[in-house]
Amino acid sequence: MHKSKWLVLIIAIGLALSVLISQLTYQQVKQHLADKVTLDVDQLGQKLDAQLNRYSKLPEVLANDPRLLRPLLADTPHPVAAQLPSTNHLLQQWSKTLGADTIYLIDAQGMTVAASNWQQPDSFVGQNYAYRPYFRDAISGKPGQYFALGASSDKRGYYFSAPLYYQQQAIGVIAIKVDLSLIEDIWQYKEIEYAIADQLGVVFYSSENSWLYRSLIPLEENQKQQILASRQYGSAKLDPLTQYSNLSEFNQRETSDIKLPSQNRSDTYVVASHDMAQAGWAIYGFSPIKAAYQYVIQAVLMFIVFYSLLCLAITSWWQTLKAQKALAQLNDRLEQLVIQRTNNLLETNQQLRDTIEQYERTQAELKQTQSELVQAAKLAMLGELSASINHEINQPLAAMRTYAENSRKLLQKERYQAVAGNIDEIINLNQMVADIIARFKVFARKANEAHNHTVAADSIRSAISLLRNRLIKQGVILRVGELSPDIIINADAVQFEQVIINLLHNAIQALTSAHQPQVGIVLEASEKWVEIRVWDNGPGLDDDQKKRIFTPFFTTKHDGLGLGLTISRRIIEAFSGSLGVIDHPGGGAEFVIKLPRSTEDNQ
Ligand code: ADP
């Protein structure tokens, strides 16, 4: 799914859950408030009941005191002043002892004849309470209970009354007024408002002043009149606090909108009530529902924080999971790549090994070929040499034959001296042939048989003698420098000689059409090095040729092999030397051999 769609979904879920949580929290808190207010109201009711019970039986008990009859039985229609102070004192005494606000004595006409507050300016004495229901109840023979604003004190009070009998006839009423400010001491719950209402729903006691002497529900006109007549609540207008049609409907509500006349608005309260059947009241507790909103906001805020954190945690967990997956995939790919690369490497390695093997084989073959080539070149050269050897040997042989034939003739003529001379010549010639063959033998020797301490001059001379006939035949002038016998080289004599022969042979060949052809050979040495230069005054070599003449099979001759110089260079390099070519001053080519000088003496 697309990212933005996820976001919308998450926000939608969050909103739905927020609404749900706010609803649940609201219900919960409302329930909690209702429970609390019910409990508190019940407690208040019970405590109030207990307090009022303390006083409810008192008037009947006090009514039995005969001292109270005296002022009522006086002959005069009004109490005798002399007798009254003692009753007033008595009532004052009782009031103090019992913790009552006022205790007073009323005669049959409703006139107060004695009162505990007889000394105070708002004394009840002389007041007529005939209109008070508690008086009417008591004088008619039953104990009375009543709540009202004090007619003279204007203080709220609860009145208990009992009839005083004389000869089975009610001749007066004893009344106790209890100050209800005691409720304020009992009630400690600041956040909960309370109200005490009578049977009609008129609030006569409340923590909220603006509710006092107002009715919980609208009153009917006659009810209002009746209340006004009894002056129970003075001249209060008894405006309604709600618009419910009857009290039971009001009592069934969990929450109610109740006016706050002082602030000119309505507030919603969680309502609970406690019936005080005996007093005929109901205690109402009101807990403002606003408190619940606070909790709802808190809960929703907490949920939003929690939900955001959860979403963040899930997102990061999801990202981690994705990253791990990607990493695992990458790892797999990498592993595969490594395996593949390793295989490739192994293959390449194998190929390399094969190549090396092949290279070694080729090298071995090359070596073989090289030695075969050397041999072939040797043979080629030998073929050529044998022609000149033949020529050289044929001449002395022919001469020997001539000397021998001549000797036979001289023997017939008995010229022995001349025969002896001929025989000497034959011996000389024989020696000459032997020498020629001896030189030829040098080529037949194997290279490794030769020692490495070669007198350079000897090898040079030997090479020259082998080619002498060619030189003479071609009319080439040979210019040989000083050939010092002290110059010893670290090279095989036969191979070195082969190189010199090859160089001289090439020079002779280069001079076939030269004018005044010349070949030269120079031998020089420094302390460590020996230099042999073979030069000619032939056509020489251009730069391209100079680069190529040492590569195998490079030849400019129709019957050439192109191997002579290649092999020569190899031979010289095998003795740690070098073979190169330069232009000879005055034209022609000059081949330069450099070899290490042997420090050992020639043996
Ligand atoms: P080949 O003699 O069989 O041709 P070499 O390797 O001995 O083989 O010589 C290679 C080539 O070098 C010759 O064909 C020739 O062209 C050239 N060369 C060698 N020596 C000389 C020289 N002294 N003067 C001119 N060219 C030479």
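Everything here concerns the structure above.
Residues numbered from 1 in each chain as written. Predicted model: local features only at pLDDT ≥ 70, side-chain atom pairs only at ≥ 80, totals over all residues. Heavy atoms only, no water.

A closer look at the site of the ligand
Then step 1. Around the ligand sit 19 residues in total, of which Asn506, Asp536, Thr555, Thr556 and Lys557 are the nearest.
Then step 2. Thr555 is positioned such that a nitrogen or oxygen atom in its side chain is 2.7 Å from an oxygen atom of the ligand.
Then step 3. Take Gly564: an N or O atom from its main chain is 3.3 Å from an oxygen atom of the ligand.
Then step 4. Coverage of the ligand by the protein chains reaches 93% of its 540 Å² of free accessible surface.
Then step 5. Broken down by secondary-structure element, the contributors of at least two residues to the shell around the ligand are helix 12 (493-510), helix 14 (564-574) and strand 17 (589-596).
Then step 6. Looking at the shell around the ligand residue by residue, the class counts come to 10 nonpolar, 7 polar and 2 charged. (Near = heavy atom within 4 Å. Polar contact = N/O pair within 3.5 Å; in protein donor to acceptor, adjacent residues only side chain to side chain. Areas by Shrake-Rupley, 256 points an atom, 1.4 Å probe, with all protein chains shown as cover. Helix = DSSP H or I, 4+ residues; strand = E, 2+ residues; numbered from the N terminus. Nonpolar A, V, L, I, M, F, W, Y, C, P; charged D, E, K, R; others polar.)

As for the nonpolar core
Then step 1. Within the largest apolar cluster, 56 residues are counted, with the highest numbers of intra-cluster contacts made by Leu52, Leu105, Tyr158, Ile174, Leu180, Phe204 and Trp281.
Then step 2. Once you skip the residues sitting within four places of it in the chain, Leu180 turns out to touch Leu52, Phe147, Arg156, Tyr158, Phe204, Tyr205 and Trp281.
Then step 3. In terms of nonpolar packing, the next biggest core, distinct from the first, is built from 46 residues, Ala457, Val499, Ile571 and Ile572 among them. (Core = buried A, V, L, I, M, F, W, Y, C linked by side-chain atoms within 4.5 Å. Buried < 20%, exposed > 50% of the residue type's maximum accessible area, 1.4 Å probe, protein only. Contact = heavy atoms within 4.5 Å.)

Quick notes on empty space enclosed by the protein
Then step 1. Tallied over the entire structure, the rule returns 3 cavities of 30 Å³ or more.
Then step 2. Approximately 40 Å³ is the volume found for the largest cavity.
Then step 3. As for the largest cavity, its lining consists of Asp49, Leu52, Asn53, Ser56, Gln145, Met276, Gln278 and Ala279.
Then step 4. Per-element tally for the lining of the largest cavity: the top contributor is helix 1 (residues 3-56), with 4 residues. (1 Å grid on protein atoms, 1.4 Å probe; cavity = no way out; pocket = protein on both sides within 12 Å on 5 of 7 lines; lining within 4 Å. Points joined across faces, edges and corners; volume = space filled by probe spheres on them.)

Overview of unusual backbone geometry
Then step 1. The residue Asn264 is not glycine, and still its phi comes out positive at about 60 degrees.
Then step 2. If you trace the backbone, Asn264 turns up in the loop between strand 8 (255-260) and strand 9 (265-276).
Then step 3. One non-glycine residue, Gln516, adopts positive backbone phi at about 50 degrees.
Then step 4. Considering the arrangement of structural elements, one finds Gln516 in the loop between helix 12 and strand 14 (518-525).
Then step 5. A relative accessible area of 55% places Gln516 in the exposed class.

Focus on the side chain of Ser116
Then step 1. Take Ser116: it is sitting in the loop between strand 2 (112-115) and helix 5 (133-139).
Then step 2. The class for Ser116 is buried, based on a relative accessible area of 7%.
Then step 3. Aside from chain neighbours lying at most four places away, what touches Ser116 is Asn88, Leu91, Gln92, Ser95, Asp101, Thr102 and Ile103.

Observations regarding a nonpolar patch on the surface
Then step 1. The grouping of Trp6, Leu9, Ile13, Leu17, Leu20 and Leu24 at the surface amounts to a nonpolar patch, some 540 Å² of accessible area in total.
Then step 2. Inspection of the secondary structure puts Leu24 in helix 1. (Patch = residues over 30% accessible without salt bridge, like charges linked within 9 Å, V, L, I, M, F, W, Y side chains within 5 Å. Salt bridge = Lys/Arg side-chain N within 4 Å of Asp/Glu carboxyl O.)

Considerations on the sheet that holds strand 5 (residues 169-179)
Then step 1. Read from one edge to the other, the open sheet built from 5 strands follows the order 2-1-5-4-3, with strand pairing classed as antiparallel. Two strands close off the open sheet at either side, each with one partner strand: strand 2 and strand 3 (144-149). Each neighbouring strand pair of the sheet contributes to a mean axis angle of 25 degrees, computed without reference to strand direction.
Then step 2. Against the sheet, helix 1 engages strand 3, strand 4 (156-166) and strand 5, with an angle of about 25 degrees to strand 4. (Pairing = 2+ DSSP bridges. Axes fitted to C-alpha atoms, helices over the stretch in contact; angles between N-to-C directions.)

Some thoughts on the packing of helix 12 against helix 14
Then step 1. Between helix 12 and helix 14, the least distance of the axes is 10 Å, while the angle of their chain directions is 145 degrees. As for the relative orientation of helix 12 and helix 14, their crossing is left-handed in sense. Contact residues: Gln495, Phe496, Gln498, Val499, Asn502, Leu503 and Asn506 in helix 12; Gly564, Leu565, Ser568, Ile571 and Ile572 in helix 14.
Then step 2. Looking at side-chain class alone, the contact of helix 12 with helix 14 contains 6 nonpolar, 6 polar and no charged residues. (Left-handed = near helix turned anticlockwise from the far one by under 90°.)

Observations regarding the packing of aromatic side chains
Then step 1. Scanning all chains against the criterion turns up 20 aromatic pairs.
Then step 2. Between Tyr129 and Tyr131 the ring centres are 6.5 Å apart and the planes differ by 55 degrees, which places this aromatic pair in the tilted class. Neither residue differs from the other here; Tyr129 and Tyr131 are each classed as buried.
Then step 3. Residues Phe204 and Trp281 carry aromatic rings whose centres are separated by 4.8 Å and whose planes lie at 65 degrees to one another, so their mutual orientation is edge-to-face. Linking Phe204 in strand 7 (residues 203-206) with Trp281 in strand 10 (residues 281-288), this pair joins segments that are 77 residues apart in sequence. By the burial criterion, Phe204 is buried, and Trp281 matches it.
Then step 4. A connected cluster of aromatic rings, assembled from ring pairs, spans Tyr55, Tyr158, Phe160, Phe204, Tyr213, Tyr233 and Trp281. (Phe/Tyr/Trp six-rings, centres within 6.5 Å; stacked < 30°, edge-to-face > 60°.)

Remarks on the packing of helix 11 (residues 456-474) against helix 12
Then step 1. As a packed pair, helix 11 and helix 12 sit with axes 9 Å apart at the nearest point and diverge in direction by 30 degrees. Put simply, helix 11 runs roughly parallel to helix 12. Crossing angle aside, the handedness with which helix 11 passes helix 12 is right-handed. Counting all contacts with helix 11, which are made through Ala456, Ser459, Ile460, Ser462, Ala463, Ile464, Leu466, Leu467, Arg470, Leu471 and Gln474, the residues of helix 12 involved are Ala493, Phe496, Glu497, Ile500, Ile501, Leu504, His505, Ile508 and Gln509.
Then step 2. Of the residues contributing to the contact of helix 11 with helix 12, the split by class is 13 nonpolar, 5 polar and 2 charged. (Parallel < 35°, antiparallel > 145°, perpendicular 65-115°, else oblique.)

Considerations on the layout of surface pockets
Then step 1. Considered as a void within the structure, the second largest pocket measures approximately 550 Å³ in volume.
Then step 2. Lining the second largest pocket are 15 residues, with Trp6, Ile10, Ile314, Thr315 and Trp318 sitting closest to its centre.
Then step 3. Breaking the lining of the second largest pocket down by element, the ones donating at least two residues are helix 1 and helix 9 (290-412).
Then step 4. Looking at the lining of the second largest pocket element by element, the count peaks at 8 residues for helix 9.
Then step 5. Residue classes in the lining of the second largest pocket are distributed as 10 nonpolar, 3 polar and 2 charged.

Comments concerning the pattern of salt bridges
Then step 1. With the rule as written, the count across this model stands at 14 salt bridges.
Then step 2. Lys546 is the partner of Asp543 in a salt bridge, and the nearest nitrogen-oxygen pair spans 3.5 Å. With a gap of 3 residues between them, Asp543 and Lys546 both fall in helix 13 (residues 543-548), about one helical turn apart.
Then step 3. What you see here is one network of salt bridges that share partners, running through Glu524, Glu531, Arg533 and Glu590.

Description of the sheet that holds strand 15 (residues 529-536)
Then step 1. Strands sit in the order 12-14-15-17-16 across an open sheet of 5 strands; the sheet is mixed. Both edges of this open sheet fall to strand 12 (477-480) and strand 16 (578-583), since each of them pairs with a single strand only. Here the strands of the sheet are splayed against their neighbours by 15 degrees on average, with no regard to which way each runs.
Then step 2. In terms of strand pairing, strand 16 meets strand 17 through 6 bridges, oriented antiparallel. Pairing of Ile582 across the sheet is with Glu590, part of strand 17.
Then step 3. Packed on one face of the sheet, helix 11 meets strand 12, strand 14 and strand 15 and runs near 175 degrees to strand 14.

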